[in-house]
Amino acid sequence: MNAVDKHLHAASVPEGEQRWADEFAKAVPGDATVHNRSGIPVKPLYTPSDRRAESYAESLGYPGQYPFTRGIYSTMYRGRSWSQRQLIGLGVPEDYNVRVKEILGLGASALSLIPCNSVFRGYDADEVPAELLGTCGTVVNNADDMQVALDGVPIDSISTAMNDPSPFTLLAFELAVARRRGIPWTRITGTSNQSDCISHFVANHMFFRLALQGARRVIVDHIRFCNAQVPHWNPLSIVGQHMQQAGATPAEAMAFTLCSGIQYAEDCIAAGMDPDQFLPRFTFFFDISISFFEEVAKFRAGRRVWARLCRERFGAKDPRSWRFKFHGQTSGVDLTRQQPLNNIARVTTQAMAGIFGGLQSLHTDAYDEVLSTPKTEAARIAVATQNILREEAHLTDVIDPLGGSYYIESLTDQMEERINAIIDMIDGAGGMYQAVEKGIVQQMIGESALAFQKRVDTGEQTIVGVNAYQVEEDPATYPSLEYPAPERMRAYVERLGAYKKNRSNAEVDKAIAALARSANDREQNVFEHVVRAAEAGATHGEICGTLRKELGFGQPLTMV
Ligand SMILES: C[C@H](C(=O)O)C(=O)SCCNC(=O)CCNC(=O)[C@H](O)C(C)(C)COP(=O)(O)OP(=O)(O)OC[C@H]1O[C@@H](n2cnc3c(N)ncnc32)[C@H](O)[C@@H]1OP(=O)(O)O
């Protein structure tokens, strides 16, 4: 059946529609059905007959009202813009501090900190080869470093997202800084980015810090601690970005992410926690690809599915628990090394999809991000893109402006069906931990990645500058940030050595011993001891090393 026949599949077709279909078929005789990245057939026209037979209130409703398809707040961007949250991470803490102030000066309204790869792996700077330091994030190893990184940044009024998997030492350092500055922890807002340990084992490959089941224990303690002591902090950011960048289709990425959300919620419930306490602080983070309409539908469907899960499956009663809050990052894998300035157009399209999808926080990639840590000018354009979309193009004047489009609503319904089918499948496999340990999720992502690559290789999917519209270019002219000066890194490592010598090592030893004991005692909260160790002066490597010993070292999941 071709696209037009499918369109007319409905039992009774209005006369005008039949006439259109005939004219279309005559004018475009070979019209092959096209499919979006999620495999959903895309027809040339959508009409009222494409909507599911559900009432408006049941499936769409109003912004700020269940099931939140049209947005989680009644005012959405008319009440408050999304957070302009650019990822920043380079060099030593002093370099980070300069860049963060620049970005805030340009209009960013929130910040995030990307640590150096050595930090991601759970080591201190003096444990890894010096040439690896500071090239893809900031070296932050203790509370003193965090104090320098955040110098002059009002952490009691600006939200800070720390890219930091379990055991969340960067938040612990930030809390130590807050105490030094006399800021109550109840005023600290932000998010533990990358706290979703499942996503690391599936796709992000930042699993080195702790074994999966060890990380599973710590995340529940982390959520409990933050809910009680840092109540405006989001301890969980459930990540679809890694899976989609690894090749999952948008529908799969949304579905798997929600499955991880289900798993974390069920672990918290099993630990005796109240859904109405922890769910309002569950948050999500997604990739936004250039497949514009599909992305808009993905977010609208995800919002609806999550609201229903929270109310019906977890039994949450407070409407704040049903809200699907998410950060979006324009997809790096859609960007190309070739003709790098074209990436500005790609990022703009992706950002529009995220905004029309109703996101709460947005990172727009710099056009040179595909080549290196962004240069200052590229970072400025990325921030300006958000300002232009909001204030020049007025994308935010109307809430959910694509709502009611026959196409968008039909696509949202179909996305929802696909997402629910995958959730059923993962439930059948015993939940997300088991599905990942069996390799089911990775297998599906691998197959989707291969299918997409085939579309690119055959030219079915155009990538401008890569498989079409190429031009002669000299790669030597591509922009690239210089490596951090080796002497700066050497000075940093020396400073770290002096820090380790001069602090109160007796206090550190005591705190580290208590941390180790907490890991073996289910009655204690491991994250509370991470915070105590950070305040006592322990370093990132020491905290991670202790827990690695007690809870196991993260290993790749091998599939049979
Ligand atoms: C690539 C790289 C890698 O792989 O390494 C990465 O992962 S990068 C990883 C990148 N990931 C991230 O950066 C994740 C960032 N995530 C977040 O910032 C969060 O999880 C977020 C998505 C919920 C956004 O948090 P946020 O603080 O910026 O914004 P919120 O949406 O929570 O809004 C702040 C406060 O304003 C309120 N608020 C907002 N808008 C409205 C409105 N229209 N009406 C009424 N209230 C509103 C919210 O309820 C909230 O208050 P209240 O709090 O009282 O409810």
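Now for a look at the structure at hand. Everything numeric here is computed off the predicted structure, so don't read it as measured data.

**What to know about the site of the ligand**
Part 1: Contacts to the ligand come from 26 residues, most closely from Tyr73, Met76, Ser83, Arg85 and Gln194.
Part 2: In this structure, a nitrogen atom belonging to the ligand sits 2.9 Å away from a main-chain N or O atom of Met76.
Part 3: In this structure, Thr191 approaches the ligand through a side-chain N or O atom, which is 3.0 Å from an oxygen atom.
Part 4: Compared with its free state, where it exposes 1100 Å², the ligand has 79% of that area covered by protein.
Part 5: Of all the secondary structure elements, the ones that give two or more residues to the shell around the ligand are β3 (83–88), β6 (190–193), α11 (241–246), β9 (282–288) and β10 (326–330).

**Considerations on helix α20 (residues 486–502)**
Part 1: Its 17 residues place the ends of α20 24 Å apart at the C-alpha level, agreeing with the 24 Å of an ideal helix rising 1.5 Å per residue.
Part 2: Turning to α20, its buried residues number three or more, namely Met489, Tyr492, Leu496, Tyr499 and Lys500. Each buried residue of α20 sits inside an arc of 95 degrees when the element is viewed along its axis, so together they form one side. For α20, the exposed residues set more than 90 degrees away from the buried face come down to Arg490, Glu494, Lys501 and Asn502.
Part 3: Contacts from the buried residues of α20 go to α5 (93–106), α7 (143–149), α21 (505–519) and α23 (540–551).

**Comments concerning the side chain of Arg304**
Part 1: Mapped onto the elements, Arg304 comes out in helix α14 (residues 292–313).
Part 2: Among the polar contacts listed, one links the side chain of Arg304 to the side chain of Asp413, at a separation of 2.9 Å.
Part 3: Looking at Arg304, its side chain comes within polar contact range of the side chain of Glu416, at 2.8 Å.

**Observations concerning the packing of α21 against α23**
Part 1: Look at α21 against α23: their axes get within 9 Å of each other, and the N-to-C directions meet at 30 degrees. Classified by the angle their axes make, α21 and α23 are roughly parallel. The chirality of how α21 crosses α23 is right-handed. From α21, Val508, Ile512, Leu515, Ala516 and Ala519 reach across to α23, where they touch Glu542, Ile543, Thr546, Leu547, Glu550 and Leu551.
Part 2: The residue makeup of the contact of α21 with α23, split by class, is 8 nonpolar, 1 polar and 2 charged.

**Looking at the sheet that holds β9**
Part 1: The strand order across the open sheet built from 9 strands is β7-β6-β5-β4-β3-β11-β10-β9-β8, with neighbouring strands paired in parallel fashion. This sheet does not close on itself; its edge strands, each paired only once, are β7 (233–234) and β8 (236–239).
Part 2: In the packing of helix α8 (residues 169–181) onto the sheet, contacts are made with β4 (110–113), β5 (160–163), β6 and β7, and the angle to β5 comes to roughly 140 degrees.

What counts, and where the lines are drawn
- Residues numbered from 1 in each chain as written.
- Predicted model: local features only at pLDDT ≥ 70, side-chain atom pairs only at ≥ 80, totals over all residues.
- Heavy atoms only, no water.
- Near = heavy atom within 4 Å.
- Polar contact = N/O pair within 3.5 Å; in protein donor to acceptor, adjacent residues only side chain to side chain.
- Areas by Shrake-Rupley, 256 points an atom, 1.4 Å probe, with all protein chains shown as cover.
- Helix = DSSP H or I, 4+ residues; strand = E, 2+ residues; numbered from the N terminus.
- Expected span 1.5 Å × (residues − 1).
- Buried < 20%, exposed > 50% of the residue type's maximum accessible area, 1.4 Å probe, protein only.
- Arc of directions from axis to C-beta.
- Contact = heavy atoms within 4.5 Å.
- Axes fitted to C-alpha atoms, helices over the stretch in contact; angles between N-to-C directions.
- Parallel < 35°, antiparallel > 145°, perpendicular 65-115°, else oblique.
- Left-handed = near helix turned anticlockwise from the far one by under 90°.
- Nonpolar A, V, L, I, M, F, W, Y, C, P; charged D, E, K, R; others polar.
- Pairing = 2+ DSSP bridges.

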